[in-house]
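Spelled out from the first residue to the last, the chains are:
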Amino acid sequence: MLKIDKDGEVREMRDAATVLEIIRERGSRGLPLERVYRCLFNPDLYLLAYGKLYRNAGAMTPGATSETVDGMNLGKIEAIITGLRQERYRWTPVRRTYIEKKGTTKKRPLGLPTWSDKLLQEVIRLILEAYYEPQFSDRSHGFRPGRGCHTALQEIYHQWRGAVWFIEGDITDCFGSLDQSIMRSILAEKIRDGRFLRLIDGLLQAGYLEDWHYHQTLGWTPSSSRPCCLPITGEHGARLIGLTCGCGNAPGDWNSKVTGRRVWSCASK
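So, here is what we can say about the structure in this document. Here the structure is a predicted model, which means the values were calculated and not measured.

Position of Pro145 relative to the elements: it lies in the loop between α4 (115-132) and α5 (149-159). What makes Pro145 partly exposed here is its relative accessible area of 44%. Taking the C-alpha atoms as reference points, Pro145 and Glu133, 12 residues apart in sequence, are found 8.8 Å from one another. Excluding residues within four positions of it along the chain, Pro145 makes contact with Glu129 and Glu133.

This brings us to the pattern of salt bridges. Between side chains of opposite charge, pairing is possible as soon as their charged atoms come close. As enumerated under the stated definition, the model contains seven salt bridges in all. Across the salt bridge formed by Glu21 and Arg24, the nearest N and O atoms sit 2.9 Å from each other. Of this pair, Glu21 and Arg24 both sit in helix α1 (residues 16-28), three residues apart, which is roughly one turn of the helix. For the salt bridge of Glu87 with Arg198, the shortest nitrogen-to-oxygen distance reads 3.4 Å. One end of the pair, Glu87, is in the loop between α3 (74-85) and β4 (94-100); the other, Arg198, is in helix α8 (residues 194-204), with 111 residues separating them in the sequence.

What follows covers the packing of helix α7 (residues 180-188) against α8. Contact geometry of α7 with α8 gives a least axis separation of 11 Å together with a crossing angle of 160°. With respect to each other, α7 and α8 are oriented roughly antiparallel. The two elements α7 and α8 cross, and the hand of that crossing is right-handed. Contacts from Gln180, Met183, Arg184, Leu187 and Ala188 of α7 reach α8 at Leu197, Arg198, Ile200, Asp201 and Leu204.

Right, let's talk about the sheet that holds strand β9 (residues 213-215) for a bit. Overall, mixed pairing links the four strands, which are arranged β5-β4-β8-β9 in an open sheet. Where the open sheet ends on each side, the last strands, each with one partner, are β5 (107-112) and β9. Pairs of neighbouring strands in the sheet enclose a mean axial angle of 45°, with direction left out of account. As paired strands, β4 and strand β8 (residues 208-210) are joined by two bridges and run parallel to one another. Following the sheet pairing, Val94 is matched in β8 by Tyr208.

Take the side chain of Thr114 next. Summarising the element assignment, Thr114 is placed in the loop between β5 and α4. The buried category is assigned to Thr114, whose relative accessible area is 2%. Not counting the four nearest positions on each side in its chain, Thr114 is found in contact with Gly63, Ala64, Thr65, Glu67 and Thr92.

On to the packing of aromatic side chains, then. The geometry of two aromatic rings is summed up by the distance between their centres and the angle between their planes. For the structure on display, the rule yields six aromatic pairs. Where Tyr131 meets Tyr132, the ring centres are 5.1 Å apart and the plane angle is 80°; that geometry is what we call edge-to-face. Each member of the pair Tyr131 and Tyr132 is classed as buried. Relative to Phe136, the ring of Tyr132 lies with its centre 6.4 Å away and its plane at 20°, an arrangement referred to as stacked. According to the relative accessible area criterion, Tyr132 is buried, its value standing at 6%. Residue class for Phe136 comes out buried when judged on its relative accessible area of 12%. Arg96 extends its terminal NZ or CZ atom over the ring of Tyr208, reaching a point 3.9 Å from the ring centre.

Time to look at the pairing of β5. Put simply, side chains in a regular strand alternate between the two faces of the sheet. Sheet topology note: the β4/β5 ladder contains six bridges and is antiparallel. Paired with Glu100 across the bridge in β5 is Lys107. Taking the residues that link successive antiparallel strands as the turn, the β4-β5 hairpin has six residues, and the phi of Gly103 there is positive, at about 75°.

On to the packing of helix α2 (residues 43-53) against α4, then. Close contact between α2 and α4 brings their axes to 9 Å; oriented N to C, the two are set at 105°. Looking at the two axes, α2 sits roughly perpendicular to α4. Residue-level contacts link Leu45, Tyr46, Leu48, Ala49, Tyr50, Lys52 and Leu53 of α2 to Trp115, Lys118, Leu119, Leu120, Glu122, Val123, Arg125, Leu126 and Ile127 of α4. Tallied by class, residues from the contact of α2 with α4 come to 12 nonpolar, no polar and four charged.

This paragraph deals with α2. In an α-helix there are 3.6 residues to a turn, and that puts residues three or four apart on one side. Where α2 is concerned, the buried positions are Leu45, Tyr46, Ala49 and Leu53. Viewed along the axis of α2, the buried residues span an arc of 95°, placing them on a single side of the element. Two to three positions downstream of the cap, the backbone nitrogen of Asp44 sits 2.9 Å from a side-chain oxygen, assigning the N-cap of α2 to Asn42.

Membership of the largest hydrophobic core comes to 45 residues, with the highest contact counts inside it found for Leu40, Tyr46, Leu84 and Ile127. Listed by contribution, the elements that provide at least two residues to this core are α1, α2, α3, α4, α7 and α8. Among the elements that make up this core, the one with the highest residue count is α4 (11 residues). In this structure, Leu40 is in contact with Tyr46, Ile81, Leu84, Leu120, Val123, Ile124, Ile127, Phe196 and Leu199, ignoring residues within four places of it in sequence.

Calculation rules
- Residues numbered from 1 in each chain as written.
- Predicted model: local features only at pLDDT ≥ 70, side-chain atom pairs only at ≥ 80, totals over all residues.
- Heavy atoms only, no water.
- Helix = DSSP H or I, 4+ residues; strand = E, 2+ residues; numbered from the N terminus.
- Buried < 20%, exposed > 50% of the residue type's maximum accessible area, 1.4 Å probe, protein only.
- Contact = heavy atoms within 4.5 Å.
- Salt bridge = Lys/Arg side-chain N within 4 Å of Asp/Glu carboxyl O.
- Axes fitted to C-alpha atoms, helices over the stretch in contact; angles between N-to-C directions.
- Parallel < 35°, antiparallel > 145°, perpendicular 65-115°, else oblique.
- Left-handed = near helix turned anticlockwise from the far one by under 90°.
- Pairing = 2+ DSSP bridges.
- Phe/Tyr/Trp six-rings, centres within 6.5 Å; stacked < 30°, edge-to-face > 60°.
- Lys NZ or Arg CZ within 6 Å of the ring centre and 35° of its normal.
- Nonpolar A, V, L, I, M, F, W, Y, C, P; charged D, E, K, R; others polar.
- Arc of directions from axis to C-beta.
- Polar contact = N/O pair within 3.5 Å; in protein donor to acceptor, adjacent residues only side chain to side chain.
- Core = buried A, V, L, I, M, F, W, Y, C linked by side-chain atoms within 4.5 Å.

This is the structure in C-alpha cells:
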C-alpha cells in the first residue's frame, strides 16, 4: 500500500501483520521501542482491531456518547488517524456502570468507552502485546494469548518436581487503586516515544461519568485497557519477587479466573 504524505513524498504503508512482526522482533531482541506513535497512522491496524472487536456483545453498548460499532466505516478510522497526526485526539470519559461480582453481593465498577476510543485502545493493545509478549517469562500464564489456568496446570503436572513456596495474593480494589505513575514508568523503561506515552497518559487520566457527573481518575485503570496492563505490571512484580527470593528467575504466575486471585510460585524443577 502506498501513501502520499503532506510533503508530497510517496511512502510504503506496511500491512498490520508486517508492522506487528517488526515490533515483536524488537521485543524478542530486548531493543527499545522507538517511534511507535507513527504506527497508529496505519489504517490496516484499525481494520485488524475491528475484526477482533465487532463480534463482541459490548461493541453495541454505548459509552458516554451514542457511538457504537453500528455504522462503522473507513471515515471513522481516518478521523482517528487525523486527530493522532495532529496530536489533537482526546479520549472521552468512560461511562461507569456496575456489574455483579461472582460469589458475592458486591458489585464492581465497569468503564464503557466510546467506540472510537475502544478501537484505538485495541490498536494500542495489539502493539503492546506484540512488543512485550516475547519478553514475558515462560512461566507466566495470566492474561496472555493462548494461556491461562489450564496451561499453568499443565506445566505443573508435566514439569514440576516440587515447590519451595507459593504466594497467593488478592489485591483489594486493584484497578481502582493502581498507581498510574508506576505503570507509566514501567512502560517508559522500554518505550522511547514521548507522543505514545502521552497518549496513554491521556487514556489513564480521561476520567469517567457516573450518573452523568464527571470524576477524575487519579488511581484507576479503565476496564478496556486492563488486558494489556495486567501482564506488563504482573511480569514486573514477578521479577521483583524472583530477585527477592534469590532464584534469579521470574516466578510463575497466573490469574485464576475461578478465584479472581493472583498466584506466584517458586518451583523446584
